[in-house]
Amino acid sequence: MKRSTLNVTFAVGFLAVAIAILVARANPATSYEASIYTGTPTITWIAFAFALAIAASTALTCRGREQAYGIALGGTAVTAIVGLPVIRNYRFSGMGDALTHLGWARDIIDGSLAPHELFYPGFHAISTVFHYVGGVPIERGMLFVVAITFLPFLLFVPLVVREMGGSGMAIGVAAIVSWMVLPINNIATHMGIHTNSNALFLVPVVIFAFLAYLRRRATIERLPFGLSPFSLLIYVTGIGLLFMHPQQMINVVVLIAAVTGVQYLARRRYDDHPMLDHPTTYAHTAVLGVIFTVWAASNARFRGAVEGLVSGVFAEDVGGSAEVDQAEASLGEVGGSLGELFVTMFLDLALISLAVGLFILLVWLGRTRLDPETKSFVNYFAIALIPLTGMFFIYFVGTPTMAFRQIGFIAIILTILAGVGIARAIDALSGVITVPGGTAVAALLLGACLVLGLMTVFSSPIIYNPGQHVTDQKFSGYETTMEHGDEDVPLVGMGYDPFRYDHGINGVEGQESLSAATTASGTVEPDEFEEGNFSGAYGGVNYNFIVTEFDTTRELEVYQELHHSEAALEALEKDSSTNKVISNDEFRMYNVQGDD
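Rules behind the numbers
- Residues numbered from 1 in each chain as written.
- Predicted model: local features only at pLDDT ≥ 70, side-chain atom pairs only at ≥ 80, totals over all residues.
- Heavy atoms only, no water.
- Pairing = 2+ DSSP bridges.
- Helix = DSSP H or I, 4+ residues; strand = E, 2+ residues; numbered from the N terminus.
- Axes fitted to C-alpha atoms, helices over the stretch in contact; angles between N-to-C directions.
- Contact = heavy atoms within 4.5 Å.
- Buried < 20%, exposed > 50% of the residue type's maximum accessible area, 1.4 Å probe, protein only.
- Polar contact = N/O pair within 3.5 Å; in protein donor to acceptor, adjacent residues only side chain to side chain.
- 1 Å grid on protein atoms, 1.4 Å probe; cavity = no way out; pocket = protein on both sides within 12 Å on 5 of 7 lines; lining within 4 Å.
- Points joined across faces, edges and corners; volume = space filled by probe spheres on them.
- Nonpolar A, V, L, I, M, F, W, Y, C, P; charged D, E, K, R; others polar.
- pLDDT = per-residue confidence, 0-100.
- Salt bridge = Lys/Arg side-chain N within 4 Å of Asp/Glu carboxyl O.

Caption draft 1: Seen up close, the sheet that holds strand β6 (residues 578-583). Spatial strand order, β4-β3-β5-β7-β6: five strands in an open sheet with mixed pairing. The strands lining the two open edges of the sheet, one partner per strand, are β4 (521-523) and β6. Strand-to-strand twist of the sheet, defined as the mean angle between neighbouring strand axes without regard to direction, takes the value 30°. Relative to β4, strand β3 (residues 491-493) runs parallel, the two being bridged by three bridges. In the strand pairing of β4, V492 is matched with G522. Contacts from helix α21 (residues 472-484) reach β3, β5 (543-548), β6 and β7 (587-592) within the one sheet, and its direction differs from that of β7 by about 30°. Each of β5 and β7 is contacted by helix α24 (residues 549-558), which is oriented at about 70° to β5, the strand it contacts most.

Caption draft 2: Spatial organisation of the environment of Y213. Topologically, Y213 is positioned in helix α11 (residues 203-215). Taking the relative accessible area as the measure of exposure, Y213 reaches 9% and is therefore buried. For the pair Y213 and S228, spaced 15 residues apart in sequence, the C-alpha separation works out to 7.7 Å. Sequence-distant contacts of Y213, that is, excluding residues within four places in its chain, are made with S228, F230, S231, I234, P279, T280, T281 and H284. A polar side-chain atom of Y213 sits 2.7 Å from the main-chain carbonyl oxygen of T280.

Caption draft 3: Structural detail: empty space enclosed by the protein. Going through the model one piece at a time under the given rule, you end up with two cavities of 30 Å³ or more. Its volume calculated, the largest cavity comes out at about 130 Å³. Those elements that place two or more of their residues in the lining of the largest cavity are α17 (338-364), α19 (400-432) and α20 (435-455). Sort the elements by how many residues they give to the lining of the largest cavity and α17 lands first, with six residues. When its residues are assigned to classes, the lining of the largest cavity shows 13 nonpolar, five polar and one charged. What the second largest cavity holds in volume is close to 80 Å³. Taken together, V82, G83, P85, V86, S93, L143, V146, A147, M191, G192, I193 and F458 form the lining of the second largest cavity. For the lining of the second largest cavity, the element with the highest residue contribution is helix α8 (residues 138-163), accounting for three residues.

Caption draft 4: Structural context of the confidence of the model for the protein. When pLDDT is averaged along the protein, the result is 90, and 90% of the positions lie at 70 or above. Under a pLDDT of 50 for its full length, residues 515-519 has, in the predicted model, 13 contacts with residues more than four places off or in other chains.

Caption draft 5: Quick peek at the pattern of salt bridges. In the structure shown here, the tally under the stated rule is 13 salt bridges. Across the salt bridge formed by R91 and D472, the nearest N and O atoms sit 3.0 Å from each other. One end of the pair, R91, is in the loop between α5 (84-87) and β1 (92-93); the other, D472, is in helix α21, and 381 residues separate them in sequence. Looking at R91, the relative accessible area reads 25%, which means it is partly exposed. Across the pair E479 and R91 runs a salt bridge whose closest N-O atoms are separated by 3.8 Å. You can see E479 sitting in helix α21 and its partner R91 sitting in the loop between α5 and β1, a full 388 residues away along the chain. Through salt bridges with shared partners, one network takes in R91, R106, E139, D472 and E479.

Printed below as a string of structure tokens:
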């Protein structure tokens, strides 16, 4: 294709992204959205799809500057998709950990908490910068940071593959696979204000610094005390990752330690091998390990997490198998299945894992034509997957949520290796048919995976998990409750404990309010509630019962009245023991008299 034609093509692609953003911006969310996909105008999705089609095809077929333009186009489109909550003027997004993080950010702003007093203050500190410098509400500032921390993932994944010595095709494939956002699984990693997940997107930055240290061995650039500037970059990026979330920092330490072990064995076994030309990483393993230990061991939250993991490993009915059985039973009752959910949420990751696994096997059997240095890097990552996967199984037995977070980190390594491995597969296929034919087949398969990956970036009813969009009306309802409610009367939800809203509104530190602790809030007992025993549905005490649009969407539409029914809510309105005290389009609160 002529350069002038390519330039016009790229211009049309970026114009499509601009149109998509403008249309989405012109149609803000005015009420609760169970799915950001259906809430966003169709023309926005059509424009994004058009731009991504151009981006994927040019990332595979072009080289040099033109390929960079294609990758930039795709990265811009995916970043805009991730930033849709900001673009469509969401007040906030996230009803669990996100609200607690919002509370910590409020504490930093009002001075009741210093950033260094948090175990992982990075996200909160950046959010407060947006609040002070940009003059935006802290809720919006945190949504901005979600999109900003996502950018390094899209930028550095192809750069890591390039640093490994990957071909132009490998760089393009790596970029497309990164657009699938494989680290997000919506079980324990989420696209939103979730610092563990946000930290995942910074991992490729540390890996790039690490590879730069291994490849760029110019002694003329040495700093005082013989310190390489790339070593310093590893430490700086590692500390930044630690401040975002320590779990991903320890994964990086394990990764580098695995490389260190491989280097040690290579030096013991071989007299001539490309790994022998790489500078050793012993010091980096030790320094990063010490930094993590000093920071984490002094924190009570970390010590509690370790104790919980150890007790979970040895306890009965705590591991992932128990949760899987429970989820399977619940899905069956609402007409779903684990198989259906797996295809929707994990098919992309499974296919990429299969492709990477076959590629690693071929590398170890000597059936690829990789140059020796690229092969060394592939071996580094492949062997590092062994301890990282071992950590997954330990987490799965002890604390299943941590296990799915571990999958998020493993997905980053798989994304990087997929760039090299799938590129080799395309080259092999091109030798059987034709180069255009092999590229076309790859583009279609990767495009289909890309569509499926972007369909599950956000939670939605398609995965039996409605979106956690927090509207102005919902915030207003909770703010009124916190300000005027009786502190002695607990807040009670319908399947959702509302104490997190106290965090988001009043902060986490130094506040005594209606639901400052989980003991002051909770959920009604479903069986009693459904039988119409509203007075006895929360231990027989007086309580304030909260119903939001999110609750009714989840319980009545998504869960198909599995736990709570519309008939019970209608009966609540007429019951003599209840009084509606707050009501707007998104929020209702009833004062319920207990039977004690």
